[in-house]
Each structure stands twice: as structure tokens, then as C-alpha cells.
Amino acid sequence: KKDIPAVNFIIHEIHCRRNIEICPYCSDSIPKSEMKNHIESEHVQVTCKCRMKMESSLLKDHEASSCPLRPVLCQFCDIQLAFSKLQEHELFCGARTEPCARCGRHVLLRELPEHPRLCG
């Protein structure tokens with residue numbers, strides 16, 4: 001899968017056929033001696049804590065960006081909870097009130113960032 005000078009092509013082709021395999025899962029060129037390790041480290045199926053199965057090489061990205069059980073912080077109280085519970089929690093948490101330091105009126109936490117513009 002690389003450009004090879006024509007003068008070296010036959011030697012390169014012999015070397016590749018003898019020493020390199022194409023991974024059946026990702027089509028990468030892998031040395032034959034490392035193929036078993038490559039498949040075990042990159043393509044073995046693992047189960048995330050959310051019970052979704054995937055290749056081990058995809059687990060880290062899944063846990064960071066798409067796992068419903070990944071930890072996230074509530075924007076109102078900074079409590080860490082699972083992403084799947086965030087929306088329900090923030091609906092409740094954002095409905096709590098705090099007094100405004102300027103006007104003294106009790107304001108919903110979810111409206112607090114916009115409130116100073118309204119209370120003058």
C-alpha cells in the first residue's frame with residue numbers, strides 16, 4: 001500500500017509476501033509475527049460498563065463521548081452523574097432558586113445567567 005521505486009519492486013514484493021499480512025478486520029499491513037498480538041489488542045470484543053460490545057480499540061472513545069454511563073457534571077450543582085441521568089437531574093436541579101445579589105428576588109438557577117440583564 002505504499003509507493004515503491006520500480007527498481008526495488010520485485011525485492012519489496014517478495015519481502016512483503018513473506019513477512020506481511022493484511023489484517024482481515026481493518027485491512028492494515030501487519031508483520032506476520034505481530035498479527036496475533038494485533039488482533040488480540042485491537043480487534044478483540046470487549047463489553048463496556050453500559051453492556052455494549054465493541055472492539056477494544058474503540059472502547060476509549062466510546063467511554064469518553066458516547067457511553068450513556070460516562071460521567072458528566074451538572075451545570076447547576078457540579079455533581080458528577082451518568083450522562084443518561086443528566087437531563088432529568090438538570091430539569092429538577094435548575095428549578096431550584098437562589099436570591100439575586102442585586103434585587104433580592106428568588107431566581108431559578110437555570111435563569112440566573114440571564115437575570116442580571118433583567119434586574120438592572
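Residues numbered from 1 in each chain as written. Predicted model: local features only at pLDDT ≥ 70, side-chain atom pairs only at ≥ 80, totals over all residues. Heavy atoms only, no water.

Observations regarding the layout of surface pockets
Defined as follows: Put plainly, a pocket is an open set of points on a 1 Å grid over the protein atoms alone with protein on both sides within 12 Å along at least five of seven lines, a cavity is a set where a 1.4 Å probe fits but cannot get out, and a lining residue has an atom within 4 Å of a point. Grid points are joined across faces, edges and corners, and a volume is the space filled by probe spheres set on the points. Only runs of H or I of at least four residues qualify as helices and only runs of E of at least two qualify as strands under DSSP, and these elements are numbered from the N terminus. Under the scheme applied, nonpolar residues are Ala, Val, Leu, Ile, Met, Phe, Trp, Tyr, Cys and Pro; charged residues are Asp, Glu, Lys and Arg; polar residues are all the others, including Gly.
The calculated volume of the largest pocket comes to roughly 230 Å³. For the largest pocket, the full set of lining residues is Lys1, Lys2, Ile4, Phe9, His12, Cys16, Arg17, Ile20, Glu21, Ile22 and Ser29. Every element with two or more residues in the lining of the largest pocket is listed here: helix H1 (9-19) and strand E1 (20-22). Broken down by element, the residue count for the lining of the largest pocket peaks at four residues, all from H1. By residue class, the composition of the lining of the largest pocket is five nonpolar, two polar and four charged.

Some words on helix H2 (residues 35-43)
For clarity, the cut-off: Burial classes: relative accessible area under 20% of the type maximum marks a residue as buried, over 50% as exposed, and values in between as partly exposed (1.4 Å probe, protein chains only). The arc refers to the directions leading from the helix axis to the C-beta atoms. Any pair of residues with heavy atoms lying within 4.5 Å of one another is described as a contacting pair.
Taken together, the buried positions of H2 are Met35, His38 and His43. Relative to the axis of H2, the buried residues are bounded by an arc of 70° and lie together on one face. Exposed residues lying more than 90 degrees from the buried face of H2 are Lys36 and Asn37. Residues of H2 that are buried sit in contact with E1, strand E2 (29-31), strand E3 (45-47), strand E4 (53-55) and helix H3 (56-65).

What about the pattern of salt bridges?
The criterion, for reference: Think of a salt bridge as a Lys or Arg side-chain nitrogen and an Asp or Glu carboxyl oxygen that are within 4 Å of each other.
For the coordinates displayed, the defined rule picks out one salt bridge. Note that Glu13 and Arg17 form a salt bridge whose closest N and O atoms lie 3.1 Å from each other. You can see Glu13 and its partner Arg17 sitting in helix H1, four residues apart, about one turn around the helix.

Thoughts on the domain arrangement of the protein chain
The cut-off we apply is this: Where each domain begins and ends is defined by an automated method or by a domain database.
Each assigned domain of the protein chain is listed with its residue range as follows: domain 1 (6-66) and domain 2 (74-117). On a C-alpha basis, the centres of domain 1 and domain 2 stand 47 Å from each other.

Examining the packing of aromatic side chains
Stated formally: Only Phe, Tyr and Trp rings take part, Trp by its six-membered ring, and two of them pair if their centres are within 6.5 Å. Stacked means planes under 30 degrees apart, edge-to-face means over 60, and tilted covers everything else. Put simply, a charge is over a ring when the Lys NZ or the Arg CZ is close to the ring centre, within 6 Å, and near the line of the ring normal, within 35 degrees.
What the rule picks out here adds up to zero aromatic pairs. A cation over a ring is seen here: Arg70 above Phe83, with NZ or CZ 3.8 Å from the ring centre.

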